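Below, each chain spelled out in residue letters.
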Amino acid sequence: INIDEIKGVLIVKDQKVDMQHLGMKLFEGTMVMDGYYETTNPKQPGIDFDMDIKNFNVKSVVDNVDAVAEMAPIAKNCTGTFGTVLKVNGTMNEAMEVNMETLSGGGSLTTNSMEVVDFKPMVKLATILKNDKLKKISMSDVNVEYEIKDGRVYTKPFDVKMGGTKGTMSGSSGLDQTLDYNMALKIPSKDLGASEALNKMSGQAGKLGLDIKAAETVDVDVKIGGTMTDPKVTADLKGMANNIAVS
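Since we're looking at a predicted model, the values are computed, not measured.

A.B. asks: Which parts of the structure should I look at to understand the overall build of the protein?
C.D. replies: Across its full length, the protein holds four helices and 14 strands. For the protein, the residues scored as buried account for 43% of the 247 residues in total. When contacts within the protein are restricted to residue pairs at least 6 apart in sequence, long-range pairs at least 24 apart make up 52% of them.

A.B. asks: Hey, could you run me through the environment of L22 in this one?
C.D. replies: Counting through the fold element by element, L22 comes out in strand β2 (residues 16–26). Separated by ten residues in the primary sequence, L22 and V32 place their C-alpha atoms 5.4 Å from one another. Beyond its immediate stretch of four places on either side in the chain, L22 contacts I6, K7, G8, L10, M31, V32 and M33.

A.B. asks: What exactly am I supposed to notice about the pattern of salt bridges here?
C.D. replies: If charged atoms from side chains of opposite charge come close, those side chains can pair. Taken as a whole and assessed by the stated rule, the structure comprises twelve salt bridges. With its nearest N and O atoms 3.6 Å apart, the salt bridge here joins D132 to K135. When the shortest N-O distance is used, the salt bridge between D219 and K186 registers 2.8 Å. Highlighted residues: D219 in strand β12 (residues 217–226) and K186 in strand β11 (residues 179–188), separated in sequence by 33 residues. Overall, the relative accessible area of 41% leaves K186 in the partly exposed class.

A.B. asks: Looking at this model, I keep getting lost on the packing of aromatic side chains. Mind explaining?
C.D. replies: Two aromatic rings are characterised by how far apart their centres lie and by the angle between their planes. In this structure the tally under the stated criterion is two aromatic pairs. Where F27 meets F56, the ring centres are 5.3 Å apart and the plane angle is 80 degrees; that geometry is what we call edge-to-face. Taken together, the residues F27 in the loop between β2 and β3 (29–38) and F56 in strand β4 (residues 46–57) connect sequence positions 29 residues apart. This pair shows no difference in class: F27 is buried, exactly as F56 is. For the pair F56 and F82, a centre-to-centre distance of 6.1 Å together with 80 degrees between the ring planes defines the contact as edge-to-face. Remark: F82 occurs in strand β5 (residues 78–91) and F56 occurs in strand β4; sequence separation between them is 26 residues.

A.B. asks: Looking at this structure, how should I read the nonpolar core?
C.D. replies: Within soluble globular proteins, side chains that are nonpolar generally end up buried alongside one another. Among the nonpolar cores identified, the biggest contains 59 residues, and M122, L125, M183 and V222 are the most heavily contacted of them. Residues in contact with L125, not counting those within four places in the same chain, are L134, L185, V222, V233 and A235.

A.B. asks: What should I look at first to understand the pairing of β4 in this one?
C.D. replies: Side chains on a regular strand alternate between the two faces of the sheet. Pairing between β3 and β4: nine bridges, direction antiparallel. Among the inter-strand pairings, M33 is bridged to a residue of β4, identified as M51. Looking at chain direction, β4 and β5 are connected through ten bridges and run antiparallel. Bridged to D50 within β5 is K87.

A.B. asks: Would you mind going over the pairing of strand β8 (residues 143–149) with me for this structure?
C.D. replies: Only one face of β8 is buried: it carries V144, Y146 and I148, and the other face, with N143, E145, E147 and K149, is open. Across six bridges, strand β6 (residues 104–117) lies against β8 in antiparallel orientation. In the strand pairing of β8, S108 is matched with E145. Inspection of the sheet shows β8 paired to strand β9 (residues 152–162) by four bridges, in the antiparallel sense. Within β9, the position partnered with Y146 by the bridge is T155. Remark: two residues form the turn of the hairpin made by β8 and β9, two consecutive strands paired antiparallel; D150 in that turn has positive phi of roughly 50 degrees.

Criteria and cut-off values
- Residues numbered from 1 in each chain as written.
- Predicted model: local features only at pLDDT ≥ 70, side-chain atom pairs only at ≥ 80, totals over all residues.
- Heavy atoms only, no water.
- Helix = DSSP H or I, 4+ residues; strand = E, 2+ residues; numbered from the N terminus.
- Buried < 20%, exposed > 50% of the residue type's maximum accessible area, 1.4 Å probe, protein only.
- Contact = heavy atoms within 4.5 Å.
- Salt bridge = Lys/Arg side-chain N within 4 Å of Asp/Glu carboxyl O.
- Phe/Tyr/Trp six-rings, centres within 6.5 Å; stacked < 30°, edge-to-face > 60°.
- Core = buried A, V, L, I, M, F, W, Y, C linked by side-chain atoms within 4.5 Å.
- Pairing = 2+ DSSP bridges.

In structure tokens:
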């Protein structure tokens with residue numbers, strides 16, 4: 001990792017390194033950090049950091065910080081830049097690697113022209129609904145609030161856009177690579193291709209006296225489960241209990 005222009009105060013005392021307004025340039029952006037690293041237990045050093053990050057390149061971060069890919073596997077499919085204000089604490093091992101299961105904290109993340117491309121669950125959803133535009137999520141100037149606890153990263157609902165489709169996404173991903181996300185989408189009816197899913201949605205809508213083909217947009221609830229390597233995707237007409245598609 002290339003780190004430049006380090007400025008700030010380091011105080012080393014009583015098996016503890018205190019960092020006061022420690023600023024630096026890395027990952028094509030900047031970071032200011034306050035907090036400490038302490039070794040009262042040499043086998044499990046403790047960390048407690050407050051970080052203010054601006055304009056980090058997400059690909060550079062994922063390529064160099066294993067912890068990010070482990071805690072937020074969707075990051076592997078992201079391009080663009082982001083900033084975040086983060087508070088986190090936990091422990092490390094003797095090799096100076098973070099003990100991921102001990103991390104807790106949270107913060108808010110702001111995206112800058114970020115895109116999520118070929119995220120496996122979205123590829124499956126695109127196949128189900130016969131809409132290739134769903135394979136790419138646009139997250140430009142989106143604010144995401146998140147929490148880290150019990151080996152998972154939880155996100156509150158945030159805005160997403162895929163072509164003409166708009167909606168929100170929320171949920172969590174875990175160290176065990178499991179996924180648990182919900183999406184509420186408003187999909188232009190013209191973007192829904194002929195499929196078994198569309199036929200079932202049309203049947204559901206008919207029971208409510210609605211005509212999907214006549215509607216400008218269709219409200220669809222999506223649930224993403226399973227794992228990163230084997231995601232399970234279900235979708236149904238908003239408010240309907242029965243799944244219209246499972247993959």
